[in-house]
Amino acid sequence: MTTVTATSTARPAVATGFDEVALAANPTRGIEPVWLGELRQTAFAAYQKLLKTPLDPEEWKRVDLRAFQPSKFKIAAASTTPAQFKTLLESRAQFAGVVSHVDGHRVESRLAPELAAKGVLFGGIGELVAQHGELLKSKLMSVVKPDGDRIAAWHAAFMTGGTVLYVPRNVVIEAPLYSLIGLDRSGTADFSHTLVILDEGAQATLLEETASTTDNAPGLHVGAVELLVGQGARLRYVQLQNWNQHTWHLAHQVGRVARDASLQWTVGGIGARLAHIHQDVLLAGPGASAEVNGCTFATDRQMLSYYTQQTHQAPHTRSDLLYKDVLRDQARVVWRGMIRVDPGAQQTDGYQRNDSLLLSADCRVDSIPGLEIEADDVRCTHGSTAGRVDEDQVFYLMCRGISRYEAMHMIVEGFFHRIYDRIAVEAVRETLSLAVERKLGIGV
Amino acid sequence: MSSLLKVENLYVSIDDKMILKGVDLEVRQGEIHALMGPNGSGKSTLAYALMGHPKYEIVDGQISIDGVSLNELEPDSRARMGLFLAFQYPVTVPGVKVADFLRHAVTNVRNPNRKEGEGLIPMREFRAELKSRMDELGIEAEFARRYLNDGFSGGEKKRMEILQLAMLRPKFAILDETDSGLDSDAVRFVSEAISRLAGPDMAIIIITHHERLLEFNRPQLTHVMLAGRVVERGEAALAHELHDQGYAGVRLRHPEAAAEEQEAAAALAGKQPVLAK
């Protein structure tokens with residue numbers, strides 16, 4: 001056998017099990033508006049076509065999907081037994097509203113009545129699309145394009161479940177909202193879609209967590225996140241990815257920030273067997289600003305891949321990205337960052353930085369910053385560092401009565417500290433810290 | 001009863017190179033000792049070996065406190081038994097706040113059997129104690145919120161070591177050239193601070209090239225190292241002689257050790273590996 005590569009490229013990396021029969025069998029099919037059915041059909045056609053088109057080798061050479069078998073996963077019917085999640089965030093704060101999903105089905109939805117009275121919508125995508133179709137029609141799959149690539153088309157065709165938040169003009173929500181995307185039964189494919197719409201001058205904080213009920217049930221998430229931040233609005237969005245280590249996580253996540261609006265977007269990457277995420281911020285109007293924080297901790301044989309893009313479409317826009325990765329065992333992390341400045345987006349300020357801390361000899365990080373600048377009066381900078389835990393630091397701390405385990409914990413926490421300092425929500429800081437502590441408990 | 005730190009016939013190597021060649025030392029809680037000697041004589045090696053630095057291998061001999069051997073213990077266990085080293089070059093730990101670090105350290109040293117994840121000493125109590133120690137040492141309150149040694153000047157780092165000493169109150173404190181790199185005022189400050197901390201519950205082993213630190217902290221005994229051994233012991237007068245006349249006299253009185261010292265220096269200069277003993 002000499003043509004191993006030929007064999008593997010001939011087989012589509014993402015395929016089968018998600019055909020027309022599966023599309024027609026989608027449990028939300030019966031209740032959703034016609035336009036969504038059409039969107040699915042269009043996306044499905046694109047998906048079929050994209051399956052025959054080779055994946056972008058530049059993108060996928062670092063993300064190995066050979067062990068991934070889509071046919072092992074399917075969209076699940078609603079469960080009759082309640083699922084128990086060991087959530088990290090849910091008990092840590094008073095939330096103004098909670099939406100929970102299990103295996104792609106909404107199981108809980110509540111919102112403070114005074115917010116509902118102001119016209120705030122917060123709930124599962126299925127019922128909100130049915131009740132407020134006209135509002136959501138132009139927003140759903142507007143910044144994640146249904147024919148963008150194979151993953152996006154796959155998601156758009158089979159989208160099930162997910163949380164929608166709509167905040168009307170000038171409504172300010174002080175307390176955070178909470179969304180849980182859970183996987184319970186073995187072999188479930190989750191296609192949840194998070195859609196956040198802030199009208200002009202609105203403000204909100206949404207904390208979202210993904211979690212599994214068990215440590216070993218294989219799962220698949222083909223997701224999308226769309227954050228539409230209207231003129232002068234302010235959104236804080238946190239997604240803590242905490243699947244078990246047998247879950248595949250593929251996602252497109254886009255935030256669009258309008259004139260004078262701001263978005264603070266924090267990503268925690270703790271779980272998953274393999275995660276490959278596109279995270280894009282679009283600075284769409286003058287004065288728009290975005291702060292992107294990434295905090296990842298990969299252990300064992302986990303592979304976490306983040307392709308981030310900060311696109312400056314308008315002048316006087318600002319973006320600031322900081323990703324911090326900790327790796328241990330044979331884990332791999334890929335960060336591919338890009339700052340794009342469109343022609344005419346003058347006086348923009350773009351920054352991206354990725355720091356990695358390697359706790360073992362066998363882990364590996366690929367950190368690839370990039371700039372594509374088509375304007376001539378901008379300030380764009382990037383940086384990337386990778387280093388190992390300094391044994392002198394460990395010794396110094398141990399000399400003060402601190403055990404090796406505690407010393408490692410302190411050093412890792414210290415490494416994440418700049419991110420924690422940027423996150424204004426105490427519950428999120430606590431949660432990330434706890435997640436880090438739990439991970440450090442394994443095998444140390 | 002006062003505790004006894006005992007070093008017997010200690011041989012220590014780094015990367016298979018023998019640095020300490022049979023060191024004996026006895027220090028009783030409450031005493032002040034000076035440990036002197038030219039560069040490369042093994043003073044810092046002894047300090048690190050006492051604390052259990054992983055790169056320093058004990059080839060032979062014994063380190064013990066009240067008859068309990070430390071040889072196989074991790075540095076944190078040694079610290080919990082009452083040993084403390086003020087570093088010559090304190091290490092920077094970015095992102096770790098001084099107060100958080102000290103609260104962990106103090107908790108562990110005062111509750112030596114504490115398991116990971118068990119409670120820390122109460123915040124209110126700890127803060128009050130930290131504040132009064134910082135006031136006594138003339139350290140600004142803002143230090144507690146800074147990251148450990150991150151961006152600290154040389155003098156600030158040494159003050160931080162003294163603050164740790166004051167909070168941890170060890171039975172045996174080793175000060176490794178705490179006076180190096182400091183101007184006279186700073187040395188005087190450190191010197192006075194140590195003399196305030198010294199007392200019947202704390203032994204202090206001062207490693208120094210200079211006499212200034214010993215002004216306020218008069219040692220009962222001065223040990224002089226040369227080529228990995230303690231070659232002389234004497235009272236304060238010995239430290240005074242070394243300060244005035246350097247180590248020429250010591251070398252003359254110990255020609256064998258002086259020859260070994262020469263050999264090691266030549267090997268280092270020529271980057272030739274030195275064979276183990």
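Our subject is the structure listed above.
Residues numbered from 1 in each chain as written. Chains lettered and ligands numbered in written order. Predicted model: local features only at pLDDT ≥ 70, side-chain atom pairs only at ≥ 80, totals over all residues. Heavy atoms only, no water.

> Explanation requested: the overall build of chain A in the structure shown.
Of regular secondary structure, chain A possesses 11 helices and 20 strands. A compact globule built from 444 residues would reach a C-alpha radius of gyration of about 22 Å, and chain A, at 21 Å, matches this within 12%. For chain A, with 444 residues in total, the buried portion stands at 61%. Summarising the internal contacts of chain A: among those between residues at least 6 apart in sequence, 85% fall at separations of at least 24. Only carbon and sulfur atoms are counted for the fraction: they give 49% of the accessible area of chain A, which is about 17,000 Å². (Helix = DSSP H or I, 4+ residues; strand = E, 2+ residues; numbered from the N terminus. Rg over C-alpha atoms; globule rule 2.2 N^0.38 Å. Buried < 20%, exposed > 50% of the residue type's maximum accessible area, 1.4 Å probe, protein only. Contact = heavy atoms within 4.5 Å. Areas by Shrake-Rupley, 256 points an atom, 1.4 Å probe, with all protein chains shown as cover.)

> Teacher, can you tell me more about unusual backbone geometry here?
Excluding glycine, a negative phi dihedral is what most residues carry, and trans is how most peptide bonds are arranged. All names here are of chain B. Backbone geometry places Asp66, a non-glycine residue, at a positive phi of 50°. Mapped onto the elements of the fold, Asp66 is located in the loop between β4 (56-65) and β5 (68-69). For Asp66, a relative accessible area of 41% gives the class partly exposed. Despite not being glycine, Ala227 shows a phi value in the positive range, around 50°. By the element assignment, Ala227 lies in the loop between β11 (221-226) and β12 (229-234). Ala227 sits in the buried class, given a relative accessible area of 9%.

> What's the story with the pairing of strand β18 (residues 349-358) of chain A in this structure? I'm lost.
Walk down a regular strand and you will see the side chains alternate between the two sheet faces. All names here are of chain A. Where burial is concerned, most of β18 is hidden: seven out of the 10 residues are buried. Here strand β16 (residues 318-327) runs beside β18; their pairing, made up of 10 bridges, is parallel. Bridged to Val326 within β18 is Leu357. Pairing geometry for β18 and strand β20 (residues 379-388), over 10 bridges, is parallel. Counted as the bridge partner of Asn354 is Ser384 from β20. (Pairing = 2+ DSSP bridges.)

> Where do I start with the packing of aromatic side chains in this structure?
Given two aromatic rings, their pairing is described by the distance between the two centres and the angle made by the two planes. One pass over the full model with this rule turns up 23 aromatic pairs over all chains. Arranged with centres 4.8 Å apart and planes meeting at 80°, the rings of Tyr396 of chain A and Phe87 of chain B form a pair that is edge-to-face. Taken together, the residues span two chains, with Tyr396 of chain A in helix α9 (residues 391-398) and Phe87 of chain B in the loop between β6 (83-86) and β7 (93-97). Phe87 of chain B matches Tyr396 of chain A in its accessibility class, with the two residues each being buried. Residues Tyr48 of chain B and Phe87 of chain B carry aromatic rings whose centres are separated by 6.0 Å and whose planes lie at 70° to one another, so their mutual orientation is edge-to-face. In this pair, Tyr48 of chain B sits in helix α1 (residues 43-51) while Phe87 of chain B sits in the loop between β6 and β7, placing the two residues 39 residues apart along the sequence. The class for Phe87 of chain B is buried, based on a relative accessible area of 3%. Directly above the aromatic system of Phe143 of chain B lies the positively charged group of Arg146 of chain B, at a separation of 5.0 Å from the ring centroid. The side chain of Arg159 of chain B reaches across the aromatic face of Phe189 of chain B, ending 4.1 Å from its centre. (Phe/Tyr/Trp six-rings, centres within 6.5 Å; stacked < 30°, edge-to-face > 60°. Lys NZ or Arg CZ within 6 Å of the ring centre and 35° of its normal.)

> What's the story with the side chain of Lys324 of chain A in this structure? I'm lost.
Residues and elements named next belong to chain A. By secondary structure assignment, the location of Lys324 is in strand β16. For Lys324, a relative accessible area of 8% gives the class buried. Reaching out from Lys324, the side chain makes a polar contact with the side chain of Asp355 at a distance of 3.4 Å. Here Phe415 takes part through its backbone oxygen, which lies 3.2 Å from a polar atom of the side chain of Lys324. Apart from the residues lying within four places of it in its own chain, the contact partners of Lys324 are Gly294, Cys295, Thr296, Asp355, Phe415, Phe416, Arg418 and Ile419. (Polar contact = N/O pair within 3.5 Å; in protein donor to acceptor, adjacent residues only side chain to side chain.)

> Before we go on, may I ask you to explain the side chain of Thr311 of chain A in this structure?
Residues and elements named next belong to chain A. By the element assignment, Thr311 lies in strand β15 (residues 303-312). Assessed through its relative accessible area of 6%, Thr311 is described here as buried. A polar contact is formed between the side chain of Thr311 and the side chain of Gln309, at a distance of 3.1 Å. The residues touching Thr311, leaving out its near neighbours within four places in the chain, are Val281, Leu282, Leu283, Arg340 and Asp342.

> What's the story with the interface of chain B and chain A in this structure? I'm lost.
With 36 residues of chain B at the contact, the number on the chain A side is 19 residues. For the pair chain B and chain A, the summed buried area comes to about 2,200 Å², and 64% of that belongs to carbon and sulfur atoms. Looking only at chain B, the three residues that lose the most surface to chain A are Asp76, Val91 and Glu116 of chain B, adding up to 22% of its buried area. The interface formed by chain B and chain A contains two salt bridges. Viewed at the interface, chain A and chain B are joined by 14 residue pairs in polar contact (both at pLDDT 80 or more). Secondary structure elements with two or more residues in the side of chain B that touches chain A: α1, α2 (75-80), β6, β7, α3 (98-110), β8 (147-148) and α5 (154-168) of chain B. Of the residues forming the side of chain B that touches chain A, the biggest block, six residues, is contributed by α3 of chain B. In terms of residue class, the side of chain B that touches chain A is made up of 20 nonpolar, eight polar and eight charged. (Buried area = accessible area lost by both parts, 1.4 Å probe. Salt bridge = Lys/Arg side-chain N within 4 Å of Asp/Glu carboxyl O. Nonpolar A, V, L, I, M, F, W, Y, C, P; charged D, E, K, R; others polar.)

> Would you mind going over the state of the cysteines with me for this structure?
Defined simply, a disulfide is a covalent bond joining two cysteines at their sulfur atoms. Residue and element names in this part refer to chain A. By the definition in use, this model includes zero disulfides over all chains. The thiol sulfur of Cys295 is not disulfide-bonded, and the nearest other cysteine sulfur, from Cys363, lies at 16 Å. Cys295 sits in the buried class, given a relative accessible area of 2%. (Disulfide = S-S within 2.5 Å.)

> Got a minute to help me understand the nonpolar core in this structure?
Counting residues in hydrophobic clusters, the biggest one holds 130 residues, and the most contacted among them are Leu359 and Leu397 of chain A together with Leu46, Leu130 and Leu163 of chain B. Tallying contributions element by element places helix α10 (residues 404-422) of chain A first for this core, with nine residues. Domain assignment of the residues forming this core places at least three in each of domain 1 (1-76 + 171-223 + 236-277) and domain 2 (91-151) of chain B. Non-local contacts of Leu163 of chain B, meaning those with residues more than four positions away in its chain, are made with Leu102, Leu130, Arg133, Met134, Leu137 and Ile139 of chain B. Grouped together as the second largest cluster of nonpolar side chains are 51 residues, Tyr237, Val267, Ala272 and Ala298 of chain A included. (Core = buried A, V, L, I, M, F, W, Y, C linked by side-chain atoms within 4.5 Å. Domains from an automatic or database assignment.)

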